Amino acid sequence: SGRWPRGCHLHPTGLRHRHRLQPRHHVQQSQVARRHRVTLLASVLERTREIGILRSIGMLRNQVSRVVIIESMLLGIIGGTLGAGAGIIIGWMSLEGFLKGDYGASMQYHVHTASLFWAIALATLLAALAGVYPARRAAKTNIVEALSYE
């Protein structure tokens, strides 16, 4: 077992890599949430006139807020799915290249589907939380000022 990389172990179905959540991952997630919030806020500011028109024809503040949060969640689902897909591909390529190149070994690549589900669910939840402030800002839009906004 001394020839396997640290953090890996031999499992009956093949070599498995144990992932540990490092503190830097939390920092990266908070930076992603901050960027997402800024993007949504910019979207709300760009659509001020559109939001004003919707409010003037009878859309309620909580409906405007829900629209922004749903948009945020959709972005989270798309981003989480693309990120998980890219992670699977890059993980397979690097692990397969590492094992074949350094050890001449091969393995059966295993993707834990429950982890994929939770990763996408977490991305959706974080996106929804990041969308709360822009949603509040959109809901507080003054109709008269929004209609005159250019």
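Residues numbered from 1 in each chain as written. Predicted model: local features only at pLDDT ≥ 70, side-chain atom pairs only at ≥ 80, totals over all residues. Heavy atoms only, no water.

What follows concerns helix H2 (residues 48-56). Every buried residue of H2 is accounted for by Thr48, Ile51, Gly52 and Arg55. The arc enclosing the buried residues of H2, seen along the axis, measures out at 100°, which places them on a common side. Looking one or two places after H2, you find Gly58, whose phi comes out positive at around 115°. (Buried < 20%, exposed > 50% of the residue type's maximum accessible area, 1.4 Å probe, protein only. Helix = DSSP H or I, 4+ residues; strand = E, 2+ residues; numbered from the N terminus. Arc of directions from axis to C-beta.)

Below, the discussion takes up helix H3 (residues 61-103). Residues separated by three or four positions in an α-helix point in the same direction, a consequence of the helix having 3.6 residues per turn. Relative to the 63 Å expected for 43 residues at 1.5 Å per residue, H3 spans 61 Å between its end C-alpha atoms, a close match to the ideal helical length. Taken together, the buried positions of H3 are occupied by Val64, Ser65, Val68, Ser72, Gly76, Gly80, Ala84, Leu95, Glu96 and Leu99. Gly104 sits one or two positions beyond H3 and adopts a positive phi of about 70°. (Expected span 1.5 Å × (residues − 1).)

Take the pattern of salt bridges next. With the rule as written, the count across this model stands at 1 salt bridge. When the shortest N-O distance is used, the salt bridge between Glu71 and Arg47 registers 2.7 Å. Here Arg47 lies in the loop between helix H1 (23-46) and H2 and Glu71 lies in helix H3, a separation of 24 residues in the sequence. (Salt bridge = Lys/Arg side-chain N within 4 Å of Asp/Glu carboxyl O.)

In this section: the nonpolar core. As a rule of thumb, nonpolar side chains are buried together in soluble globular proteins. Counting 6 residues, the largest nonpolar core is built from Val44, Ile51, Val64, Val68, Ala135 and Ala138. Leave out the neighbours within four places in its chain, and Val44 touches Ile51, Val68, Pro134 and Ala138. (Core = buried A, V, L, I, M, F, W, Y, C linked by side-chain atoms within 4.5 Å. Contact = heavy atoms within 4.5 Å.)

Our focus in this paragraph is the environment of Arg61. With respect to the helices and strands, Arg61 occurs in helix H3. The sequence separation of Arg61 and Ala139 amounts to 78 residues, and the corresponding C-alpha distance is 4.7 Å.

Moving on, we come to the environment of Ile70. Following the sequence through the fold, Ile70 ends up in helix H3. In the structure, Ile70 is positioned 65 residues away from Ala135 in sequence and 9.7 Å away in space, judged by C-alpha atoms.

The next subject is a nonpolar patch on the surface. On the surface, Ile53, Leu54, Ile57 and Leu147 cluster together into a nonpolar patch covering about 340 Å² of accessible area. The residue Leu54 is located in helix H2 in this model. The exposure class of Leu54 is partly exposed, given its relative accessible area of 31%. (Patch = residues over 30% accessible without salt bridge, like charges linked within 9 Å, V, L, I, M, F, W, Y side chains within 5 Å. Areas by Shrake-Rupley, 256 points an atom, 1.4 Å probe, with all protein chains shown as cover.)

Think of a pair of aromatic rings as described by two things: how far the centres are apart, and how the planes are tilted against each other in angle. Counted by the stated rule, this structure contains 1 aromatic pair. Both rings, one in Phe117 and one in Trp118, keep their centres 5.2 Å apart while their planes meet at 70°; by these two values the pair is edge-to-face. Like Trp118, Phe117 is exposed. (Phe/Tyr/Trp six-rings, centres within 6.5 Å; stacked < 30°, edge-to-face > 60°.)

This brings us to the packing of H3 against helix H5 (residues 132-139). H5 packs onto H3 with a crossing angle of 145° between their chain directions and a minimal axis gap of 8 Å. Crossing angle aside, the handedness with which H3 passes H5 is right-handed. In this structure, H3 uses Arg61, Val64, Ser65, Val68 and Ile69 to contact H5, whose residues at the interface are Val132, Pro134, Ala135, Ala138 and Ala139. Its residues assigned to classes, the contact of H3 with H5 shows 8 nonpolar, 1 polar and 1 charged. (Axes fitted to C-alpha atoms, helices over the stretch in contact; angles between N-to-C directions. Left-handed = near helix turned anticlockwise from the far one by under 90°. Nonpolar A, V, L, I, M, F, W, Y, C, P; charged D, E, K, R; others polar.)

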